[in-house]
Protein chains: 2
Amino acid sequence: MTPKPRVPNVLVRAQLVEAEDRFIASWGRMGSVWGISRTMAEVHALLYITGTEMCTDEIMSRLGVSRGNVSMSVRSLLEWGVIEKVRIAGDRKEYFQAEQDVWSMLRAIARERIKREVDPLLDVLDEIGELAPQASRNSPKDVKELQARIEAVRDGFGVITTLSHKFAGPRGAGLQTAAKLLARAPIGRTKKHTPKRTGGTR
Amino acid sequence: MTPKPRVPNVLVRAQLVEAEDRFIASWGRMGSVWGISRTMAEVHALLYITGTEMCTDEIMSRLGVSRGNVSMSVRSLLEWGVIEKVRIAGDRKEYFQAEQDVWSMLRAIARERIKREVDPLLDVLDEIGELAPQASRNSPKDVKELQARIEAVRDGFGVITTLSHKFAGPRGAGLQTAAKLLARAPIGRTKKHTPKRTGGTR
DNA sequence: TTGAGATTTCAGTTAATCGTGAAATAAAGT
DNA sequence: ACTTTATTTCACGATTAACTGAAATCTCAA
């Protein structure tokens with residue numbers, strides 16, 4: 001049926017696998033920067049980029065990591081809600097597949113990071129605000145200033161958190177809509193910032 | 001002049017220092033989560049929360065870290081644009097003080113993180129997209145899918161990057177305006193019920 | 001209930017990161 | 001030019017986080 005491909009299939013396949021590997025590698029490196037373990041990011045990348053459901057052993061051999069490591073990574077990814085378990089009839093193994101919608105995936109990532117990064121800071125800020133000497137009419141200047149600074153940070157992150165909860169919630173087109181909305185809105189100077197990015201990979 | 005304070009000054013001062021220390025500690029912990037070295041975050045926190053210009057030795061003794069460490073941290077913070085050098089007449093030492101505007105500070109942090117986290121990924125994605133077997137009419141299905149997935153991720157991050165450049169640029173009220181704008185905008189379903197999240201920490 | 005296969009746990013190891021301190025360099029005063 | 005004081009650099013050691021592998025636990029079919 002199909003006319004003979006111009007490039008031998010084995011070659012195409014090799015390129016394909018290489019592209020996948022590169023994607024996996026850079027997503028993994030990204031993970032480190034984000035404070036996510038490299039393997040966890042790699043497992044996710046693998047499942048996303050291949051789109052296939054895979055079992056523990058397949059993941060192990062493809063990424064060359066240990067069983068325990070895969071187990072823990074997969075568990076975290078399930079908690080994040082970016083992959084899910086799949087049962088295959090007549091097979092006792094568990095298979096996993098990645099959420100395929102990018103925005104949903106990005107929202108999940110954003111949500112999880114906010115939870116881990118911003119929320120705890122807010123808690124501490126509240127606590128410190130109460131603990132610190134209360135500013136009153138005749139407090140020394142520095143006490144007033146301290147309170148003011150704590151409150152300023154608290155408010156800043158407060159706004160950010162509110163927004164995130166609104167826009168990165170698990171369901172709804174939050175992030176995507178926000179992105180479009182913002183992309184349109186004319187803020188301050190409308191300088192059409194240099195496109196700039198000519199792939200300079202450092 | 002001032003009427004006798006109800007609380008001895010030494011005590012107020014101790015509380016003040018403790019509040020500062022707590023702020024510094026949690027900002028520092030935050031730093032680790034962000035892939036910023038703990039000390040760098042602590043130095044920044046110290047300069048921000050005290051609002052005072054400080055020299056290397058003062059920072060060293062207050063945080064209990066080495067000279068070299070302070071030197072490197074301060075340098076990074078200068079690059080990030082969140083602190084600046086201050087010269088004090090008749091003193092050979094360099095003093096440093098932190099940007100006091102929270103939004104400007106938050107923008108700087110966002111900007112720097114995007115630069116380190118998102119931009120490199122985009123570069124790689126572009127590269128992979130070109131490198132991978134090109135999808136054509138008679139490509140096998142998986143090649144087409146691979147290209148589609150790469151493009152989807154690329155586009156998602158592309159939107160995010162564009163936004164960030166627009167809103168987290170070094171000058172202008174970008175982030176702040178965006179925040180207000182979004183906080184107001186009705187996104188998707190205008191389902192008004194369940195206030196639901198009671199500022200609940202965590 | 002048993003057991004083969006699948007998954008999870010975790011103590012020990014390895015890898016990556018961070019911080020130190022002293023030596024090298026730079027800057028300012030005499 | 002020389003001395004003094006401040007700053008930066010960097011090889012090394014310390015600290016922390018990640019990963020391994022094998023034992024323990026779980027699951028399901030018979």
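Residues numbered from 1 in each chain as written. Chains lettered and ligands numbered in written order. Predicted model: local features only at pLDDT ≥ 70, side-chain atom pairs only at ≥ 80, totals over all residues. Heavy atoms only, no water.

> Give me the lowdown on the protein's contact with DNA strand C, citing residues and values where you can.
Around DNA strand C, the structure places 18 residues, and the nearest of them are Arg75(A), Arg92(A), Glu94(A), Thr39(B) and Ser66(B). Among all atoms of DNA strand C positioned within 4 Å of the protein, those belonging to sugar or phosphate total 63%. In the environment of DNA strand C, a phosphate oxygen lies 3.3 Å from a nitrogen or oxygen atom belonging to the side chain of Ser37(B). One of the side-chain nitrogen or oxygen atoms of Arg38(B) is found 3.5 Å away from a phosphate oxygen of DNA strand C. Elements that contribute at least two residues to the surface near DNA strand C include exactly α4 (67-80) of chain A together with α2 (38-50) and α4 (67-80) of chain B. Considering each element in turn, the surface near DNA strand C owes the most residues, five residues, to α4(A). Class assignment of the residues belonging to the surface near DNA strand C gives a composition of two nonpolar, nine polar and seven charged. (Near = heavy atom within 4 Å. Polar contact = N/O pair within 3.5 Å; in protein donor to acceptor, adjacent residues only side chain to side chain. Helix = DSSP H or I, 4+ residues; strand = E, 2+ residues; numbered from the N terminus. Nonpolar A, V, L, I, M, F, W, Y, C, P; charged D, E, K, R; others polar.)

> Give me the lowdown on helix α3 (residues 56-63) of chain A, citing residues and values where you can.
Residue and element names in this part refer to chain A. Where α3 is concerned, the buried positions are Ile 59, Met 60 and Leu 63. One side of α3 holds all its buried residues, which, seen down the axis, span an arc of 100 degrees. Lining the buried residues of α3 we find α1 (9-33), α2 (38-50), β1 (54-55), α4 and β3 (94-98). Backbone geometry just after α3 places Gly 64 at a positive phi near 65 degrees. (Buried < 20%, exposed > 50% of the residue type's maximum accessible area, 1.4 Å probe, protein only. Arc of directions from axis to C-beta. Contact = heavy atoms within 4.5 Å.)

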